Each structure stands twice: as structure tokens, then as C-alpha cells.
Amino acid sequence: MKKLLLLSAFCLFGMGFVQCQSPQSAVQSNTTEVQKAYFTRISSDSIKKSLLVLTADSLGGRRTGEPGQRKAAHYLANYYQKLGIGTPPNTNSYFQPIPASFMTNWQMKLKDSENVWAYIEGSEKPEEVLVISAHFDHMGILLDKIYYGADDNGSGTSAVMEIARVFQSLIEEGIRPKRSVLFLHLTGEEFGLFGSKFYTQNPPISLKQTIANLNIDMIGRRSTEHLSTQDYIFLVGSDKLSQDLHHTAERANKESVNLVLDYKFNDDNDPQRIYYRSDHYNFAKHNIPAIFFYNGTHDDYHLPSDTFDKIDFPILTKRTQFIFETAWQLANGEHRPKLN
């Protein structure tokens, strides 16, 4: 997640009805309901495997435009290619190149970089798309120390990858979402939300057809506010543009893992201004309903000590299951989320 402070030469930042059933038909019905609990397919082992790669020394902290970030981008593209998930309409690459000239401010200039995307076409309303995003860049190597970014944002990147894997596994069983889904890995977030800014200015699918953005940025740890709380997650922005989106998320949570939903950072008077500090905000600026899924900061935030071994995989998995269920309901809802 983007930090507000500037340090050295960079910017951190059914309705049912009652009927009588025979014991056999009751078993069949219960089996069907279990089968529909697709969120349970989210695998902690699969998430771990992805995150271990993303936090490897060879990726050098994934700084925007640097060789380690490029290695991460190719790892993501190969992952989607192996899954059999293609690229968005009218594109022939998993990469959306971003020139260095775009990622420049008064303080710094980054190198050429790229967003990574993968796309599943919907069965009934393919022209409408749900965007599930996470930035995959981090801060690189500073003073000879690798800033691994396991939580920020290896956790979100791995979650998007795992959600995509489950969507594709369902498609292979003949269960395709009604709407299209774009899995979007964004670069340049740490230094100014550049990847999402570039995407929203150069979308492969019209923003008017984008029904919502689910943005995942730091979901693998516990914050100082919730060291002893039962499993929780912060939701930011869910009701700011669409009560429909907000209600969908709350319903999805109740129907899946039932996390404690904390709206502290959704307050318009939040002194940390969290709503403005991750990639969902560039979608919201275009009037696209968005949710930022977030665990809050911790003692290792933006430090080299944000490492793989400190990730809480049980809670990361539950949060990913919740986000998957939210995405599945949005992709298959009767209507797209209505604006307030």
C-alpha cells in the first residue's frame, strides 16, 4: 500500500420454500449446496506456493521497472498461461506496457514497467466485467537490504492468483460466471498508484462496462488494532459509490467465512486517508464502485522484515475465500451493482 510520507529518493506509500423431502432427496439437496460452496476450493497450500516465489531473494523486492519486478511479471503471465486463462479482448499479451515517462513526478522517475492481466469471458453478459486487482510491486533493495513485501503486497497478489485458479477450475467443470472477470496485477503502486492510473486511462474494456473493482492490498497479517480479535478484515469504500456493492460483500461474508468486518478506515474523516492510498481509488475516481480489502498496518510495514515467515496463512486463506465469494456473487448477480 502506498505510503503518504516521502523518504529519500522515493515515495512510500434462495429465497427458499418449505417442502417435504424423502431422506434420499434431502441428501441430494445438501450435497448440491455443498457443491455450491465454491469458496472452499481456495487453498492455503496454493497461496503459499505463489507467495514463496514472489518473496524470493531473486526478485529483489519487486521494485517498479527493476529486473526483480520483471521476473515477477513473467511469473504471473506464465501462471495464467499454464492455467489456460487468456488475455483481454483485442489484446495479445499478458502485459500492459507502461512507459517510464508516465511514471514521473517532481521527485523521481521510474523505469518502463508493465501491468499484468488475465481474462475470463462471461457466459451471459460478457460485455460486463468485474476487475479483481492487486499491486505486485514493492520497494526493492534499499541500503543493501531487500524489502520483501510479503504482506505488501505479495499477499494480495497471491490471493488474486488463487481466486483466478478457482474460477478456471469451475470453468473446466462447465461452470462459467455470467459476467467476465479481469484479474489485474498492477505495477507502480508504491510510488504513486501509477499502474491503476494508467489502466483506467487505457482500459482494454470500457470503464462504463466495468461493474466493480475488488482491490486487495495487504491481507496476510494482523494489525495493531486487532492483535487479539477473532478473524477480521477492514473494508474500505464499499458503500461510498454503491450500497448494492456493500450489501453484496456483507452477504458474501455471512454465506462464507463470516469474518469480523471493520469499517474504521471507511470513515470520511479517517486521519490516515486510507481510502485514497491504494489502487481502487483510481477506479472510484471514474465512478466505478470499489472495495479495498485490507488488514491494516503492523510493525513490519514497509520494512525489510515484512517476510514470508510472518504471514498468517489461515487468516489469509479465509480472507481470500471471502473475496472469492464476493467476486462470484458479483459476477453472477442478476444486476450489476447500482450506483448510489
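One structure accompanies this document, and this report is about it. Keep in mind that what you see is a predicted model, and the values were worked out from it rather than measured. (Residues numbered from 1 in each chain as written. Predicted model: local features only at pLDDT ≥ 70, side-chain atom pairs only at ≥ 80, totals over all residues. Heavy atoms only, no water.)

1. Quick notes on the packing of aromatic side chains
Scanning the entire structure with this criterion turns up 21 aromatic pairs. Ring plane angle 20 degrees and centroid distance 6.3 Å describe the contact between Tyr-80 and Phe-183, whose orientation is recorded as stacked. With Tyr-80 in helix α3 (residues 67-83) and Phe-183 in strand β8 (residues 179-186), this residue pair connects regions lying 103 residues apart in the sequence. Here the two residues Tyr-80 and Phe-183 agree in accessibility, since each one is buried. With a centroid separation of 6.0 Å and 15 degrees between ring planes, the pair formed by Phe-324 and Trp-328 is classed as stacked. Here Trp-328 and Phe-324 lie together in helix α8 (residues 313-332), a separation of 4 residues that amounts to about one turn. (Phe/Tyr/Trp six-rings, centres within 6.5 Å; stacked < 30°, edge-to-face > 60°. Helix = DSSP H or I, 4+ residues; strand = E, 2+ residues; numbered from the N terminus. Buried < 20%, exposed > 50% of the residue type's maximum accessible area, 1.4 Å probe, protein only.)

2. Observations regarding unusual backbone geometry
With an omega dihedral of 0 degrees, the bond running from Asp-152 to Asn-153 counts as a cis peptide bond. By the element assignment, Asn-153 lies in helix α4 (residues 150-171). At Asn-90, a position not held by glycine, the phi torsion is positive, near 65 degrees. Here Asn-90 shows up in the loop between α3 and β3 (95-98). Positive phi is not limited to glycine here, since Asp-144 has a value of about 65 degrees. If you trace the backbone, Asp-144 turns up in the loop between β6 (140-142) and β7 (145-147).

3. Side note on the side chain of Glu-190
Position of Glu-190 among the secondary structure elements: in the loop between β8 and α5 (194-201). Among the polar contacts listed, one links the side chain of Glu-190 to the side chain of His-138, at a separation of 3.1 Å. (Polar contact = N/O pair within 3.5 Å; in protein donor to acceptor, adjacent residues only side chain to side chain.)

4. Some points on α4
Between its first and last C-alpha, α4 extends 30 Å over 22 residues, near the 32 Å set by a 1.5 Å rise per residue. Summarising burial for α4: 21 of the 22 residues are buried, a large majority. (Expected span 1.5 Å × (residues − 1).)

5. What to know about α8
Since the α-helix packs 3.6 residues into each turn, any two residues three or four apart lie on the same face. The first and last C-alpha atoms of α8 sit 28 Å apart over 20 residues, in line with the 28 Å expected at 1.5 Å per residue. For α8, a buried count of 18 out of 20 residues is recorded, marking the element as mostly surrounded by other parts of the structure.

6. Structural notes on the sheet that holds strand β10 (residues 232-236)
The strand order across the open sheet formed by 8 strands is β3-β4-β8-β5-β9-β12-β10-β11, and the pairing between neighbours is mixed. In this open sheet, the two edge strands, each paired with only one partner strand, are β3 and β11 (260-262). This sheet shows a mean twist of 25 degrees between the axes of neighbouring strands, independent of strand direction. Across 5 bridges, strand β4 (residues 113-120) lies against β8 in antiparallel orientation. By the bridge assignment for β8, Ala-118 is matched with Phe-183. Running over the sheet, helix α6 (residues 243-254) touches β9 (210-216), β10, β11 and β12 (290-294) and is turned about 40 degrees from β12. Of the strands in this sheet, β5 (125-135), β8, β9, β10, β11 and β12 are in contact with α8, which crosses β9 at around 180 degrees. (Pairing = 2+ DSSP bridges. Axes fitted to C-alpha atoms, helices over the stretch in contact; angles between N-to-C directions. Contact = heavy atoms within 4.5 Å.)

7. Some words on empty space enclosed by the protein
In this structure, the largest cavity spans a volume of roughly 40 Å³. As for the largest cavity, its lining consists of Gly-237, Ser-238, Lys-240, Leu-241, Ser-242, Leu-245, Tyr-275, Ala-284, Pro-289 and Ala-290. Per-class residue counts for the lining of the largest cavity are 6 nonpolar, 3 polar and 1 charged. (1 Å grid on protein atoms, 1.4 Å probe; cavity = no way out; pocket = protein on both sides within 12 Å on 5 of 7 lines; lining within 4 Å. Points joined across faces, edges and corners; volume = space filled by probe spheres on them. Nonpolar A, V, L, I, M, F, W, Y, C, P; charged D, E, K, R; others polar.)

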